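# An overview of the molecular structure
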Amino acid sequence: MKTVALIGTFDTKGAEYSYIKKQIEKLGLNVLTIHVGVFEPAFKPDVSNQQVAKAAGSDIHSLAERKDRAHATEVLSLGVKKIVPKLYEEGRFDGVLSFGGTGGTSLVAPGMRELPIGVPKIIVSTVASGDTSPYIGTSDLILIPSIVDVAGLNKISVQIFNNAVLAMAGLLKFEAEPFSSDKPLIAASMFGVTTPAVNFARNYLEERGYEVLVFHATGIGGKTMESLIQSGFFHGVLDLTTTEWADELVGGVLNAGPNRLEAASKTQTPQVVSVGALDMVNFGPYDTVPEKFKTRQLYKHNPTVTLMRTTVEENRQFGEKIAEKLNLAEAYTTLIIPEKGVSGIDVVGEPFYGEKEDKVLFQTLIEQITNPVVEIIQRPEAINDKTFAEFAAQKLITLIEEKEGKNNE
C-alpha cells in the first residue's frame, strides 16, 4: 500500500488537515503526518514539530517562546529540508502533499525540492500563480491554486482539497511504463529563435546514438540545465543558446542567475558553446517594458513577449562575462562563433540584424578568452544554418570521445 506524506501546520490548520487525512485514507492509502507548526497540533502526528526543529539543530519550545514567526518558519523550513529526504530514503512515503499560504508554502517547498525528480510532490497554495520560481526552483513540484485561502472547510476549499487528494492518489496508484534508455545523454539549450539550430543538431546526435534533452533558455531552463549538469547527468553539453546572460546583465525577465555557464567547466563535462540569441533581452507584454527602455528597438515576438535589441556596449559586456565563465574550464571546451548571425532575426533582412553589435561580441570573446584549453572556432554561417549546427554537434561528439579515450587510458 502506497503512503502519502502529509506535511503542514496542524496547529493553525488542524481541521483542514484532519479532513484531508481522512480523504486520503478513504482511497486506500496510508498517511505519514508531519507537523511543522510551532504549537500543539490538533491531532497526534507521526513526525512531531520537535523532531523537525531538532533536525535543524533547534528546539520547538525555544521557537515558541521567542514568538518570532519569521525565525520559526526559517528554522522549521530547514528542518523539513533535512528530514523529508531522509524519510523518503528510509522508504517511509511515496509521495508528498501539503496545503498553505505564502508562509506554509515557503516552509515546506524547500524540503520537497530535495526529493528526486519523479517523486510525486504537490502543494495546494495561495501563491500558485505569477512567479512561482522561488517555490518550485528546478524541481518538478506541482502547485495547485487554492482559489480561496486554506482556512476552513467550505464549498470551494473542500472541492480543491479533494481534487488534490485525487491527483496524488492517481500519481501513486497508476504507473506509466518506465522509459528506459542506455544512450548517453546530451543537454542542449534552445530558444524560439535558435530552434532550427538545435533541431538540426539534435537529429544529428540522435542518429549517432545519443539522447538529447533540450532546455528552453527562459531562466529556469538554464538553471535546471546547470543543476543537472552539476549532478552528473550528461555526457556532453551543447550550449548553443546563452541568451540568458543578456537578461541577467541588462535586466530582462528571463535571467538564469550569476552561475550560468559554470557547471560543465566545473565538472569537466565536454561542452560546445555558442552565442545564440544574445541579440535580445526579453520582457513581457509591450506595456511591461521598463520606461527607460521604451526608446530602444523593440520587437513584439508574441502578445506576451517583447524583445529588445542589444547594443554594442551590452554585447561587449556579454563577451566579457562569457569569456570569464569559459576561462574556468579545465578541458573539453569549444566556443563556436556564427559570423552571419546569432539568431533567426539577427540575419540580413531581419529586424535585429546587427553587424556592429555582433562584431563587438565576437571580438571581445576572442580577446578575453585566455584559457588555452578553450578552442575558438569562427564559422562563416548563421547559427540556424544546418551546416553550423551539424558542425557543432560533431565537435561535441569529438570532445566526448576525447574524454572517454583519456578515461580508458
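One structure accompanies this document, and this report is about it. Computed from a prediction, not measured in an experiment: that's the story for all the values here. (Residues numbered from 1 in each chain as written. Predicted model: local features only at pLDDT ≥ 70, side-chain atom pairs only at ≥ 80, totals over all residues. Heavy atoms only, no water.)

### So, the pattern of salt bridges
When their charged atoms lie close together, side chains carrying opposite charge are able to pair. Definition in use: The salt bridge definition used is simple: a Lys or Arg side-chain nitrogen within 4 Å of an Asp or Glu carboxyl oxygen. Relative accessibility decides the category of a residue: with a 1.4 Å probe and only protein chains considered, values under 20% of the type maximum give buried, values over 50% give exposed, and everything between is partly exposed.
Taken as a whole and assessed by the stated rule, the structure comprises 22 salt bridges. A salt bridge links Asp68 to Arg66, with the nearest nitrogen and oxygen atoms 3.9 Å apart. The class for Asp68 is partly exposed, based on a relative accessible area of 29%. By sharing partners, the salt bridges in this structure join Glu226, Asp239, Glu244 and Arg260 into a single network.

### Points about the sheet that holds strand 10 (residues 280–283)
Rules: By the convention used here, strands pair only if DSSP detects at least 2 bridges between them. Segments assigned H or I by DSSP are reported as helices when at least four residues long, segments assigned E as strands when at least two residues long, and all are numbered from the N terminus. Orientation is described by lines fitted to C-alpha atoms, with helices fitted over the stretch in contact, and by angles between N-to-C directions that extend from 0 to 180 degrees.
Strand order in the open sheet formed by three strands is 10-12-11, and the pairing between neighbours is antiparallel. In this open sheet, the two edge strands, each paired with only one partner strand, are strand 10 and strand 11 (298–302). Averaged over all neighbouring strand pairs, the angle between strand axes comes to 30°, with direction disregarded. Both strand 10 and strand 12 (residues 305–309) contribute to a ladder of four bridges, which runs antiparallel. Within strand 12, the position partnered with Val281 by the bridge is Met308.

### Some details on the pairing of strand 8 (residues 236–239)
Side chains of strand 8 alternate between two faces, with Gly236 and Leu238 and Val237 and Asp239 buried alike. Bridge count between strand 6 (residues 185–190) and strand 8: three bridges; the pairing is parallel. Its bridge partner lying in strand 8, Ala188 is registered against Leu238. Note that strand 8 and strand 9 (residues 271–273) share three bridges and pair parallel. Note that in strand 9 the partner of Asp239 across the bridge is Val273.

### As for the sheet that holds strand 3 (residues 95–100)
Definition in use: Here, two residues are considered to be in contact whenever any of their heavy atoms come within 4.5 Å of each other.
Within the open sheet, the five strands sit side by side as 2-1-3-4-5. Their pairing is parallel. Edge positions in the sheet fall to strand 2 (30–35) and strand 5 (142–145), since each has one partner strand and no second. Between one strand axis and the next, the sheet turns by 20° as a mean value, whatever way the strands run. Against the sheet, helix 1 (residues 14–26) touches strand 1 (3–8), strand 2 and strand 3, its axis set at about 175° to strand 1.

### Here's the deal with the packing of helix 1 against helix 7 (residues 155–173)
The criterion, for reference: Roughly parallel refers to an angle under 35 degrees, roughly antiparallel to one over 145, roughly perpendicular to one between 65 and 115, and oblique to any angle outside these ranges. Should the near helix be turned counterclockwise from the far one by less than a right angle, the crossing is left-handed, whereas a clockwise turn marks it as right-handed.
As a packed pair, helix 1 and helix 7 sit with axes 10 Å apart at the nearest point and diverge in direction by 40°. Overall, the two elements helix 1 and helix 7 adopt an arrangement that is oblique. In this structure, helix 1 crosses over helix 7, and the sense of that crossing is right-handed. In this structure, helix 1 contributes Glu16, Tyr19, Ile20, Gln23 and Ile24 to the contact, and helix 7 contributes Val158, Phe161, Asn162 and Val165.

### Remarks on the nonpolar core
Rules: The criterion is simple. A nonpolar core is a set of buried Ala, Val, Leu, Ile, Met, Phe, Trp, Tyr and Cys residues joined through side-chain atoms within 4.5 Å.
One finds Ile34, Val36, Leu76 and Phe93 to be the most contacted residues of the largest nonpolar core, which totals 34 residues. If you list the elements that add at least two residues to this core, you get strand 1, strand 2, helix 2 (49–55), helix 3 (60–66), helix 4 (69–89), helix 5 (102–113) and helix 6 (133–136). Among the elements that take part in this core, helix 4 stands out by supplying seven residues, more than any other. Sequence-distant contacts of Phe93, that is, excluding residues within four places in its chain, are made with Thr3, Val4, Ala5, Leu32, Val84, Leu87, Tyr88 and Leu115.

### A few points about helix 1
Counted only if it meets this: Given a helix with a known number of residues, its expected span is that number minus one, times 1.5 Å.
Taking 1.5 Å per residue, 13 residues should reach 18 Å; helix 1 reaches 18 Å between its end C-alpha atoms and fits that length. Here helix 1 has its buried residues at Gly14, Glu16, Tyr17, Ile20, Gln23 and Ile24. Phi for Gly28, located one or two positions after helix 1, is positive at around 85°.

These results come straight from atomic positions and should not be treated as a statement about function.
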